[in-house]
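# Structural overview for review
Each chain, letter by letter, is given below.
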Amino acid sequence: MTDETATGDGSRTADSGGTHSRRRFLALSGAAGVAGLAGCSAEQVTDGNGDDGNGTVGGGEEGGGVLTVGTFGSFVDAPSISPGEWLKDEFESRYDAEIEYATPDNELNYYVERAASGASMDADLYVGIGTEDLVQIDEGYDGDLFVSDLEIDGDDDIREGLRFDPFGRAVPYDTGYVSLVYDSTETEAPETFEGLLEEEHRGDLIAQNPGSSTTGRSFLLHTVHRFGDEGEYDYLDFWADLQENDVRVLDAWDAAYTSWSEGEAPMVVSYSTDQVFASADGADLDQHQIRFLDDQAYATPSGMALFEEADNPELARQFMSFMLEPDVQGEIVERNVSFPATETAELPPDYDELAHEPDDPVTFSYDELQGSMEGWISAWERQVAGN
């Protein structure tokens, strides 16, 4: 679940810290991956066509061979519903090709480690990249993991303002907003961040650790955006007050959402598409209300990128273009409980009513996060997780 972000205009700055920088990235990325989404280890798969990475591949009128897609586990096998298997079946039915998913336990970090060691990439593209991931890669790895200035058929349909990579490596495929989800039969969520600190909401909120949850990281970044990182009252001061009001911080989104679903607190940090999932599950929507604090929510785009060392680059481009087709976009957002990346997506009739967008989406650009994000998370961990 992800959404729009502004792009930066700066030049790419390679970190010259060498091994130390790479280890710092590996440690942070390992902690910041979504907890509980373990998958099988990636295995090397080649297409057998002998492509050198620059030409077209044989096997059919529209390409062919085996395409290995690296991604996060829940894209393929979430407990509820996932887009991965539908995408595989649909793509294979349209093209003379075979998709194999690779879902390594440490996700993108697996490929950074392989690239750093000079090993083969074991995948043609990666699905599930955010702005923060690109920042971590560029601060911790000196090479080029993905193809830059990537152009694919259909990318002209991507929604204005959604592109988040100033170097053109990541192509957005869906989008979402981190917000509060609350049970209105138990409480009325506050309208502002400061409202979370009121006595009437003591112990009402469940959040996630930004060092081990992408959802928690987005909420933390929203508090940095709202309160700043210096001055008389900054984001750490807000979190100190939130702790005083008995916020519960769990390691992962799934643990937090499960605790909230079981009635352990009436509010949880989650996504503004929650009613899409709740409605499909037949739940009472009064218990799945959305609150945008200060009329805002943190935008979290997701993209896909082509590995520089892809064995089947043309088929990978074809798959990425397929991901942007109107009917495919509709399936992705419904199964991934998110918003589309394109203006042409074919959505279910009630989707606009159930998927809520804030009046004022906020986010940090790539340039704003570079050199700052790790420090924000580390300071939070020292203050909050250390207590």
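In the annotation of an unreviewed UniProt entry, the protein is listed under the name Thiamine ABC transporter substrate binding subunit and assigned to Halorubrum tibetense.

### With respect to the pattern of salt bridges
Here the idea is simple: oppositely charged side chains can pair when their charged atoms come close. In the structure shown here, the tally under the stated rule is 15 salt bridges. The partner of K88 in a salt bridge is E92, with the nearest N and O atoms 2.8 Å apart. With K88 and E92 both in helix α3 (residues 84–94), this residue pair falls 4 residues apart, about one helical turn. A salt bridge links E331 to R335, with the shortest nitrogen-to-oxygen separation between them at 2.8 Å. Here E331 pairs with R335, and both are found in helix α11 (residues 326–336), just 4 residues apart, close to one helical turn. Of the residues examined, R335 reaches a relative accessible area of 22% and is grouped as partly exposed. A cluster of three or more residues bridged by salt bridges with shared partners is formed by E90, R94, E325 and D327.

### Here's the deal with helix α5 (residues 131–140)
Because an α-helix packs 3.6 residues into every turn, residues spaced three or four apart end up facing the same way. When you tally the buried positions in α5, you get 10 out of 10 residues, the bulk of the element. Residues of α5 that are buried include every one of T131, E132, D133, L134, V135, Q136, I137, D138, E139 and G140, and no others.

### Overview of the pairing of strand β10 (residues 296–299)
Each regular strand shows side chains that alternate between the opposite faces of the sheet. With 2 bridges joining them, strand β5 (residues 177–182) and β10 adopt antiparallel strand pairing. The partner of Y177 across the bridge, within β10, is A299. Pairing between β10 and strand β13 (residues 360–362): 3 bridges, direction parallel. Paired with A297 across the strands is P361, a residue of β13.

### Things to note about the packing of α3 against α11
Between two packed helices, the angle of one axis relative to the other and the distance separating the axes together describe the packing. With their axes 11 Å apart at the nearest point, α3 and α11 run at an angle of 165 degrees to one another. When the axes of α3 and α11 are compared, the pair comes out roughly antiparallel. Here α3 runs over α11; the crossing is right-handed. Contacts between α3 and α11 pair W86, L87 and R94 from the former with D327, V328, E331, I332 and R335 from the latter. Residues that form the contact of α3 with α11 fall into these classes: 4 nonpolar, no polar and 4 charged.

### Remarks on a negative patch on the surface
A cluster of like negative charges, contributed by D149, E151, D156, D157, E160 and E343, occupies part of the molecular surface. Assignment of secondary structure puts E151 in the loop between α5 and β4 (171–175).

### Topic: the environment of I206
Counting through the fold element by element, I206 comes out in strand β6 (residues 205–208). Look at I206 and you get buried, because its relative accessible area is 0%. Each C-alpha atom of the pair I206 and V268 lies 4.7 Å from the other, and the pair is 62 residues apart in sequence. For I206, the contacting residues outside a window of four places in its chain are R248, L250, A256, S259, W260, A265, M267, V268 and V269.

### Examining the nonpolar core
In terms of nonpolar packing, the biggest core is built from 89 residues, with W239 and F319 touching the most fellow members. Beyond its immediate sequence surroundings of up to four residues, W239 is in contact with A207, F219, L220, T223, V249, W380, Q383 and V384. Counting residues in hydrophobic clusters, the runner-up holds 20 residues, among them Y177, I290, V337 and L354.

### Re the sheet that holds strand β11 (residues 302–306)
Pairing within the open sheet is mixed, and its 6 strands lie in the order β2-β1-β3-β11-β4-β12. Of all the strands in the sheet, the pair left with one neighbour each is β2 (98–102) and β12 (339–340). Here 2 bridges tie β4 to β12, and the two strands are oriented antiparallel to one another. In the sheet register, D174 faces β12, and the bridge partner there is P340. Most of the contacts of helix α10 (residues 313–323) go to β11, to which it runs at about 160 degrees, and overall it touches β1 (66–71), β2, β3 (125–129), β4 and β11.

### Some words on the packing of aromatic side chains
The geometry of an aromatic ring pair comes down to the distance between the two centres and the angle between the two planes. Evaluation of the coordinates by the stated rule reveals 23 aromatic pairs. Between Y111 and F307 the ring centres are 5.1 Å apart and the planes differ by 40 degrees, which places this aromatic pair in the tilted class. Taken together, the residues Y111 in helix α4 (residues 108–117) and F307 in the loop between β11 and α10 connect sequence positions 196 residues apart. Assigned by exposure class, Y111 and F307 land together as buried.

### What to know about the side chain of S270
With respect to the element layout, S270 can be found in strand β8 (residues 267–271). Side-chain polar atoms of S270 contact the side chain of W253, separated by 3.0 Å. Apart from the residues lying within four places of it in its own chain, the contact partners of S270 are Y177, V178, S179, V181, T215, W253 and Y257.

Parameters at a glance
- Residues numbered from 1 in each chain as written.
- Predicted model: local features only at pLDDT ≥ 70, side-chain atom pairs only at ≥ 80, totals over all residues.
- Heavy atoms only, no water.
- Salt bridge = Lys/Arg side-chain N within 4 Å of Asp/Glu carboxyl O.
- Helix = DSSP H or I, 4+ residues; strand = E, 2+ residues; numbered from the N terminus.
- Buried < 20%, exposed > 50% of the residue type's maximum accessible area, 1.4 Å probe, protein only.
- Pairing = 2+ DSSP bridges.
- Axes fitted to C-alpha atoms, helices over the stretch in contact; angles between N-to-C directions.
- Parallel < 35°, antiparallel > 145°, perpendicular 65-115°, else oblique.
- Left-handed = near helix turned anticlockwise from the far one by under 90°.
- Contact = heavy atoms within 4.5 Å.
- Nonpolar A, V, L, I, M, F, W, Y, C, P; charged D, E, K, R; others polar.
- Patch = residues over 30% accessible without salt bridge, like charges linked within 9 Å, V, L, I, M, F, W, Y side chains within 5 Å.
- Areas by Shrake-Rupley, 256 points an atom, 1.4 Å probe, with all protein chains shown as cover.
- Lys, Arg positive; Asp, Glu negative; His and termini not counted.
- Charge placed at Lys NZ, Arg CZ, Asp CG, Glu CD.
- Core = buried A, V, L, I, M, F, W, Y, C linked by side-chain atoms within 4.5 Å.
- Phe/Tyr/Trp six-rings, centres within 6.5 Å; stacked < 30°, edge-to-face > 60°.
- Polar contact = N/O pair within 3.5 Å; in protein donor to acceptor, adjacent residues only side chain to side chain.

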